[in-house]
Each structure stands twice: as C-alpha cells, then as structure tokens.
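So you can see what is in the structure, the chains are spelled out below.
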Amino acid sequence: MGPPSIATLPYDSLTDLLTFIALLGFWPQNRAMRLLLVEDNARLSDLIAGGLAKEGIATDTVTTIAECLSALATTHFSVVILDLGLPDGDGLSVLQHMRALGSSTPVLVLTARLSVGDRVKGLHHGADDYLGKPFAFEELVARVRALLRRPTAYLGRELRLGNFTFDVEGREIAVAGAQYALAPREALVLEVLMRRANRVVPKKILEDQLYGLSADGSANAVEVSVHRLRKQLIETGAHVAIHTVRGVGYLIKEELS
Ligand code: CA
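Residues numbered from 1 in each chain as written. Predicted model: local features only at pLDDT ≥ 70, side-chain atom pairs only at ≥ 80, totals over all residues.

Caption draft 1: Expanded view of the packing of helix α7 (residues 184-195) against helix α9 (residues 221-236). Across the interface, α7 lies against α9 with an axial gap of 9 Å and an inter-helix angle of 85 degrees. Classified by the interaxial angle, the pair formed by α7 and α9 is roughly perpendicular. Of α9, the residues touching α7 (which contributes R185, E186, V189 and L190) are S225, V226, R228, L229 and Q232. Of the residues that constitute the contact of α7 with α9, the class distribution is four nonpolar, two polar and three charged. (Axes fitted to C-alpha atoms, helices over the stretch in contact; angles between N-to-C directions. Helix = DSSP H or I, 4+ residues; strand = E, 2+ residues; numbered from the N terminus. Parallel < 35°, antiparallel > 145°, perpendicular 65-115°, else oblique. Contact = placed C-beta atoms within 7 Å. Nonpolar A, V, L, I, M, F, W, Y, C, P; charged D, E, K, R; others polar.)

Caption draft 2: Molecular detail of the sheet that holds strand β3 (residues 79-83). Spatially, β2-β1-β3-β6-β7 is the arrangement adopted by the five strands of the open sheet, whose pairing is parallel. Edge positions in the open sheet fall to β2 (58-62) and β7 (129-132), since each of these has one partner strand only. This sheet shows a mean twist of 20 degrees between the axes of neighbouring strands, independent of strand direction. Across the sheet, helix α6 (residues 137-149) touches β1 (34-38), β3, β6 (107-111) and β7, and the angle it forms with β7 is around 175 degrees. (Pairing = 2+ DSSP bridges.)

Caption draft 3: Main features of α7. Taking 1.5 Å per residue, twelve residues should reach 16 Å; α7 reaches 16 Å between its end C-alpha atoms and fits that length. Among the residues making up α7, those that are buried are E186, A187, V189, L190, V192, L193, M194 and R195. (Expected span 1.5 Å × (residues − 1). Buried ≥ 20, exposed ≤ 12 C-beta atoms within 10 Å, placed from the backbone.)

Caption draft 4: Broad picture of the sheet that holds strand β14 (residues 249-254). On the basis of which strands lie adjacent, the open sheet formed by three strands has the order β12-β14-β13 and antiparallel pairing. On the outer flanks of this sheet lie β12 (201-202) and β13 (240-245), each paired with one strand and no other. When β12 meets β14, the two strands line up antiparallel, connected through two bridges. Across the sheet, the residue bridging to V201 is Y250, located in β14. Across the sheet, α7 touches β12, β13 and β14, and the angle it forms with β14 is around 70 degrees.

Set out below in structure tokens:
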C-alpha cells in the first residue's frame, strides 16, 4: 500500500483545513515583517536599520534591555536581533525572559563574544542563530531571511510524539530507553515535521531548510531524507509514521501498530 494521497488523507475537521491554510501563510511575502534591533552602538544600529530598510524590512531600534522589554510587551516582531553587551545588563537575560514567557519569536544574537562556550550558552538560552562581530551585512540579511522563512521558531530542545523523544540539539531520538543518532539533514527534517506534528508541512518549507545543508543541491534532497527517516523510525520501533501528501508535502503523526 502506497502513502495516502490528499484525497484519502483524513481531514477530520475544518480545523485541520484552517491550520493548513494558516501554514501556507508562513511564506514571508504574506506577512508584515517587523524586526526589533537591540543594539547600544548608535552607529552600528543606524547602519543595520538603514540597510534592512533598503531590503524592505522595517526595523524598530532600542538600546537597552528595559526598552527592549517594553517594546516586546506591546508589539509583535517577526525577528529580534539582540546584542549581548548592553548598558543595563547582559542581553541573554532578555532571551531567558522571552523564552520563560513562552515567546517563540526567533532571536539572532549579535555579539563580539566569539567563543564556542558563549555560542553554546546563547543557544541553550533559546537563541535561534548567532552572528559574531564584525560581520558582512549580506550575511546578516541572509540569516534574518532564513529566520523569517522558518516555519517555527524556538519551542524547546526536546520534542515528543507517541513513544519517542527527539533531542533537537543532540540530534538523537530515544525510544524505550534506547538512543539513536540522526544525520544532520534527517534531524532537520524531523525537527520541522515534529514541530508541526499532525499537520501537513509543505515540501517547499523543507526544501528551504535543507538548502543550506545540501552540498550537491540535489532536487530530491527532501525525498531522500524522508526515505531515510522512515527507515530509521521503523528500525527504532517508534510508533510514528511520516505520510506523503502528494503535491503538497509531508506530515508526521502517531501510529499505533
Ligand atoms: Ca553592545
């Protein structure tokens, strides 16, 4: 038996359909983009905000943690660019505060601190990406665009579905106490699918995610990764399955065998 086509897929309620339509709205061109830049160096702040404006991205600028928190409390931002060395404290405290409140807004940390330890610390506090100063403006724009494309933002390091757990950072799945390592591409595909479990993820979103990891840029990178993932999930005995929705994308859901 082949994978279900969209006609046979059980859209058991209107909610599923609405969720799917909402998911399509994740393409950046459909959304009003507003960035918050937290940077106390006035010259750098002007440079970044001016450059982003030329790219069609509106940016609000603040220079302190206090201003940042009040901006976050009143406005929805698509992405936050966060400097760590701020006059009233460590930018990481903003990150902690946001994640503690359940905010999933992507955060790009911008800092002169370049050690691996600092980078890991930032990621553990819920940063989505990290860019060391000095940086090329093109790289900043590329990373901001990548964050805007992401179907979901930071929601946690451990994802669960059925009888298995996926450690996003460790790229490991655990089933009944046994652990299995995943290759980077498969881990990325699994993460995107898991964050939208039980809902269809358009193939385009997966392609965008894999783009940066594909050395050969092969057109069927997504199919190959999904194929490998399915094999691995069967081998581990996980009670989940990845379904193909022809012409649309994929969805992962619990499957009791
Ligand atoms: Ca600073």
